[in-house]
Each structure stands twice: as C-alpha cells, then as structure tokens.
Amino acid sequence: MRQKDQLELCLSSEARGEAPSVVARAIEARAAKACLERPAVAGPSMEAVVEGENLKQALAQVKRNKGAAGIDGMSVDELAAYLKKHWPMIRAQLLEGTYKPQPVRRVEIPKASGGTRPLGIPTVLDRFIQQAVMQVLQADWDGTFSEMSFGFRPGRSAHQAVEQAQAYIATGHGFVVDIDLEKFFDRVNHDVLMGLIAKRVGDKRILKLIRAFLSGNIYVRSQRAGERVMAGIEKLLAKRLKLKMNKAKSAVAKPSVRKFLGFSFTGGKESPRRRIAPQAVARFKTKVRELTRRTRGRSLTQIIKELSTYLIGWRGYFGFCQTPSVLRALDEWIRRRLRAIAWKQWKRGRARFAELRRRGVGRDLAAQTAGSPHGPWRLANSPALNIALPTRSLGSLGLAPVAVPRSA
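Residues numbered from 1 in each chain as written. Predicted model: local features only at pLDDT ≥ 70, side-chain atom pairs only at ≥ 80, totals over all residues. Heavy atoms only, no water.

A. Geometry of unusual backbone geometry. Here the phi dihedral of Phe 152 falls at roughly 55°; this positive angle occurs in a residue that is not glycine. Topologically, Phe 152 is positioned in the loop between helix H6 (124–141) and helix H7 (158–170). The backbone of Lys 347 shows a phi angle near 70°, a positive value even though the residue is not glycine. Secondary-structure assignment places Lys 347 in the loop between helix H14 (324–346) and helix H15 (349–358). (Helix = DSSP H or I, 4+ residues; strand = E, 2+ residues; numbered from the N terminus.)

What follows is the structure, encoded as structure tokens:
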C-alpha cells in the first residue's frame, strides 16, 4: 500500500503554478455539432496529459491490457516501479517536448487467411504515455464523432455496430459496400494525417509526440448504388488521404455473403438474423482442433480446462448471434472430439471394456464397442460412448458450453 501511495504521489506531482486539474476541463461535455474542421485555438494540452488523475487511469488501463514486453524487455508488472523512480524526468521531457519514444519490437503474427502480418510492439512505457494522450484526446473529440462510428470508443462496441448493420438490412438496404484499405499503416500519408490532427490540437508538443509514435460499413439499396458509392469512396481515399483500396478484399454484395466484425446475416424475405460468419466458424474449429489434439499427452481434465478458457471468451463475443442451432451443433462437435480423446486414452480392448462398464454401459454393448475395428472418431458418436460420457459428465469436468442454456 505504501508503494502504491508513493507512486500516486509521484504521478500527481506538478510544477508550482501549474493548473491543478486541466484534465477536468477536457472532459466537460462537448457540443455534438462541433465542426470537424475547426481551427485548433487551444484544444488538448500536454499539461492535461501529465495530470495526476489522467496518469493513474492510464497506468491502470495498461495493466488491464497486459501484453508482451517491448524492445527493452520491461514487463507490465515492472512499469510501476520504473515510473516511481524515473517519472519526474519523463514528465519534464514531455512538458519540454523533448521526449523520444523507443523503437518498437517487430514480430510476425499469423493471419486468418494464411501468411503473417508484421506487428510492432511498443515498450510498456510508451504504451503508458500513448494511453495518457489518447484519454485526453478522446475526452475532447468523442462528442464530435459520427453516431455511426463504433470503433474504439467508450460505451460503444462491435455488437452495437453489428446491430446497426442488421437494422439497415431490415429497412431494405440489401447490398453492402465492403471496403478494405490496402496496407493502411504502411501507406497512410503521415503529413495528411498530422494536418488533420493539427486542426484540433494546438499544442505542438502533443503533435510532435503523436508524430513520433506513429473498413467501412456502408449499406445501400441496390447493386448499382453500391458500385457508385464504392467508386466515390475510392476516389476520395486516393485524393484526400493518399490511400489505396484493396480491390481483392472489397466488394459490393449481399450482406449474407460478406462478413462484418465476425458476423454475417441471413438472407431471404424474413427479418435478417445475425449469424456467425463461416470464416469465424472455420477459425474456431481450427483452434479447437489444436487444443484437443489426441497426441498432446494430456489428461482429459487438463484438456477440458484449457479448452474451456477459450470457449468462454469466444462465447462472450459470438454468443451474440441469433442462430443458436449453430452453437448447439458446435457443442455436439466438441463433445464428440472429447469422447474420441477419452477412447484413445483408454488404449486397448480390456481397458476400454472396463471403462465402459464402470460408466454404466451394458455388458453386451460394452463388449461390442470395445472390440470394434472402427477408429476413435467413428466410435465417439456411438451409443456406448454417449452413455459413458454424456453431456452432464463432461460438464462436471468443467467443459463450458458455447450455446447459451435455454433457461437463460
């Protein structure tokens, strides 16, 4: 507790004569009709960024986000102690406009469509400063953003965006203009981007720091209208932001054949329903296969424990779908994989017969199944394995379902 108090005192320290709570003014309600292109007379300041309460919120968020270490090897758990010792110097550099971020650590992460994508991991110190800057900018800007903007905003979520898309489809907008930007972070023109930010931020220290740190959802009523919108958007992106549209991943199509934040929508004349996009289902099955490989040398209980951690997180997002039959089918598929693992681990005929009998399977059925020449996957769907390892039994081992219980 003493270390925490000392850290908070360190982060809260301000130079004599500095405004005591600049960030308090930054979070006052902003007029929703504020002009996007208004000149930056004042706007967010570096003093607001280094204000004590803002810093404590930023530190708490970085801890919640966790994440890997950057190029300096410092972990999230080590950040607080580092700030306790070095924050006065870092704060002075930020206020003087001389702070320089460290290089990012480059890693390659797998893409769902195959191949890899380069990813830059900043140091935890830079992530802390980025979070502090973001909080101040967000407080100043969020009230001026479009009501149709859902990404990375407080009180908004991907589920809300999916619901809005569903509402568009329900009102007759039967085509979607699905736009993907080609290598946005590699090709975005930083001069154009910083010019737009400078219209809202007058503090040159913040602009300098941001520079150092350095899919559309449009529903229309017809294919022709969609093609017209896409052509206009492509021209706007190229002219104003110097960005190129990825034509291989962009299209004008029915919502039922395009994915949006992991979801797609049912077609037909009835009201559209949210369903899990086929690509998301395929990725789910790939991950489950990886976690339930029969050659991993782990007990059934250990496999279920690790698998359930993934299933709970996946259900938290995709349980938002309106096609429960798909979730129930996935549950059945998972249980069959687990029964196949158990059958493989029981190894031979005598042991299998004994396990089946011990779990309530009749003598004749147990003998017939134990002597079967069929493989584990085939037998995992047999009456004997369903009796020996019913849904209730797997649940008692900790298996989390992906389908929301009917009584919920």
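From this point on, the discussion continues.
B. Expanded view of the pattern of salt bridges. In total, this model carries 9 salt bridges according to the counting rule given. Here Glu 306 makes a salt bridge to Arg 298, at a shortest N to O gap of 2.1 Å. Judged by relative accessible area, which is 28%, Glu 306 ranks as partly exposed. Overall, the relative accessible area of 28% leaves Arg 298 in the partly exposed class. Through salt bridges with shared partners, a single ionic network connects Glu 47, Asp 203 and Arg 205. (Salt bridge = Lys/Arg side-chain N within 4 Å of Asp/Glu carboxyl O. Buried < 20%, exposed > 50% of the residue type's maximum accessible area, 1.4 Å probe, protein only.)

C. Region of interest: a positive patch on the surface. Together, Arg 117, Lys 249, Lys 259 and Arg 283 line one region of the surface with positive charge. A relative accessible area of 41% means that Lys 259 is categorised as partly exposed. (Patch = residues over 30% accessible without salt bridge, like charges linked within 9 Å, V, L, I, M, F, W, Y side chains within 5 Å. Areas by Shrake-Rupley, 256 points an atom, 1.4 Å probe, with all protein chains shown as cover. Lys, Arg positive; Asp, Glu negative; His and termini not counted. Charge placed at Lys NZ, Arg CZ, Asp CG, Glu CD.)

D. Examining the packing of H15 against helix H16 (residues 363–370) more closely. Two elements in contact, H15 and H16, have axes separated by 9 Å at closest approach and are oriented at 150°. Classified by chirality, the crossing of H16 by H15 is right-handed. Contact residues: H15 offers Gly 349, Arg 352, Phe 353, Leu 356 and Arg 357, while H16 offers Arg 363, Ala 366, Ala 367, Thr 369 and Ala 370. Looking at side-chain class alone, the contact of H15 with H16 contains 5 nonpolar, 2 polar and 3 charged residues. (Axes fitted to C-alpha atoms, helices over the stretch in contact; angles between N-to-C directions. Left-handed = near helix turned anticlockwise from the far one by under 90°. Contact = heavy atoms within 4.5 Å. Nonpolar A, V, L, I, M, F, W, Y, C, P; charged D, E, K, R; others polar.)

E. Layout of the packing of aromatic side chains. If you walk through the whole model with that rule in mind, you get 9 aromatic pairs. Look at Phe 284 and Tyr 310: their rings are 5.9 Å apart centre to centre, the planes differ by 25°, and that puts the pair in the stacked class. Taken together, the positions of Phe 284 in helix H12 (residues 278–291) and Tyr 310 in helix H13 (residues 300–318) put the pair 26 residues apart, joining distant regions of the chain. Classification of Phe 284 by relative accessible area gives buried; the value is 0%. (Phe/Tyr/Trp six-rings, centres within 6.5 Å; stacked < 30°, edge-to-face > 60°.)

F. Highlighting H16. Within the sequence span of H16, burial applies to Ala 366, Thr 369 and Ala 370. Relative to the axis of H16, the buried residues are bounded by an arc of 95° and lie together on one face. Seen from the buried face of H16, the exposed residues on the opposite side, beyond 90 degrees, are Asp 364 and Gln 368. Residues of H16 that are buried in the fold lie against H14, H15, helix H17 (376–379) and helix H18 (383–388). (Arc of directions from axis to C-beta.)

G. Layout of the side chain of Glu 51. Relative to the assigned elements, Glu 51 resides in the loop between helix H3 (46–49) and helix H4 (52–65). This buried residue, Glu 51, is left without a salt bridge; Lys 56 holds the nearest opposite charge, at 7.5 Å. A polar contact of 3.1 Å, which involves the side chain of Glu 51, links it to the backbone nitrogen of Asn 54. (Polar contact = N/O pair within 3.5 Å; in protein donor to acceptor, adjacent residues only side chain to side chain.)

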